[in-house]
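Architecture at a glance
Take a look at the letters that make up each chain.
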Amino acid sequence: MFSLKNKVAVVTGGGSGVGLATVKRFIEAGAKVVLADIADQQALADELGCMFVKVDVSKEDQVQHLFEMTRETLGKIDICVNNAGIIVPGEMLEEATMDEYLRVYNINFGGVLYGLKHAPVHMNDGGSIINTASLAGKIGFPGYGAYCSTKGGVIQLTRVAALELADRNIRVNCVCPSTIDTPMAHAEGNELELMLKDYVWPLGRLCQAEEVAAINHFLASDDCSYLTGTAIDLDGGYKAGTGMNAIGKLTEGLM
Ligand SMILES: NC(=O)c1ccc[n+]([C@@H]2O[C@H](COP(=O)([O-])OP(=O)(O)OC[C@H]3O[C@@H](n4cnc5c(N)ncnc54)[C@H](O)[C@@H]3O)[C@@H](O)[C@H]2O)c1
């Protein structure tokens, strides 16, 4: 069950956080994995026993090359995780510049668009594509206009790709996690979010990268054969409503 034995998988942003946890999980499940990242992670890939390709996902020719290299070296691709992304916190709309928005767009949206355009050319029919979107693609967060809009775009691209690739039985889904305990969440500018983490999420804690990797594993496997075009909430209950922990905090001293 959920075996990925001999499947060929590419994971962008595979050198850290969600990508790294996914690479590890796929290897454990038997896949032949390509860890793709803008940072040089050759040593890490050697340690894990997978292939490394250096790629900047905002550059179309580099993304195309990533899939060509993978096919030449490991064979046709079964699983593609378009995961690389960045966040630029703390910029209200009144301070927004198009240059800064485009910088985020080129990576978060462009990286997924190029993945959806070039991976299928080198994929087996019946494969699985997984995009890392975010809760921020479904609800707004003040100060995160660029990030939220790119992730909303990723959700819509996922739906379009699922429809366009259905005739090849290539399933396309995305995951929408709330704050994940990775270097991205601990970057400067996210202090308030981390301070409130015990109250914001009904489960009372941050999401762990391994919990996203577990969903990715399911989505990648043949056991998940009828799920396509979805944007899966992985938010500790956030969209279900206000948690008891938040209610307790808000009413502290009132009763
Ligand atoms: N951390 C969170 O709170 C959170 C929440 C929801 C969604 N996400 C999404 O999850 C994904 C992974 O984020 P993470 O939390 O693991 O972050 P992370 O910073 O730990 O890892 C991101 C990885 O992407 C790589 N990367 C960055 N720009 C790249 C580029 N142009 N080309 C190739 N690789 C590049 C980095 O080198 C790094 O290895 C992102 O798409 C992010 O938007 C994160």
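Residues numbered from 1 in each chain as written. Predicted model: local features only at pLDDT ≥ 70, side-chain atom pairs only at ≥ 80, totals over all residues. Heavy atoms only, no water.

In the annotation of an unreviewed UniProt entry, the chain is listed under the name Short-chain dehydrogenase and assigned to Photobacterium jeanii. The chain has a UniProt comment under Sequence similarities (unreviewed entry) that states "Belongs to the short-chain dehydrogenases/reductases (SDR) family." (UniProt positions renumbered as here; feature names shortened; annotations may be inferred.)

**Overview of the site of the ligand**
Not every one of the 27 residues close to the ligand is listed here, only the nearest: Ser16, Asp37, Asn83, Tyr147 and Thr182. Contacts to the ligand include Asp56, whose side-chain N or O atom sits 3.0 Å from a nitrogen atom. Protein chains bury 91% of the 830 Å² of accessible surface belonging to the ligand in isolation. Of the residues assigned to the shell around the ligand, the class counts are 13 nonpolar, 11 polar and three charged. (Near = heavy atom within 4 Å. Polar contact = N/O pair within 3.5 Å; in protein donor to acceptor, adjacent residues only side chain to side chain. Areas by Shrake-Rupley, 256 points an atom, 1.4 Å probe, with all protein chains shown as cover. Nonpolar A, V, L, I, M, F, W, Y, C, P; charged D, E, K, R; others polar.)

**Focus: the nonpolar core**
Residues Leu66, Phe67, Leu116, Ile129 and Val172 are the most contacted members of the largest nonpolar core, which totals 33 residues. When residues of this core are assigned to their parent elements, the largest contribution, six residues, is made by helix H5 (residues 145-165). Filtering out sequence-adjacent residues up to four positions away, Val172 remains in contact with Leu116, Ile129, Asn131, Thr158, Ala161, Ala162, Leu165, Thr228, Gly229 and Thr230. Membership of the second largest hydrophobic core comes to 29 residues, among which are Ala9, Val18, Ala209 and Val212. (Core = buried A, V, L, I, M, F, W, Y, C linked by side-chain atoms within 4.5 Å. Buried < 20%, exposed > 50% of the residue type's maximum accessible area, 1.4 Å probe, protein only. Helix = DSSP H or I, 4+ residues; strand = E, 2+ residues; numbered from the N terminus. Contact = heavy atoms within 4.5 Å.)

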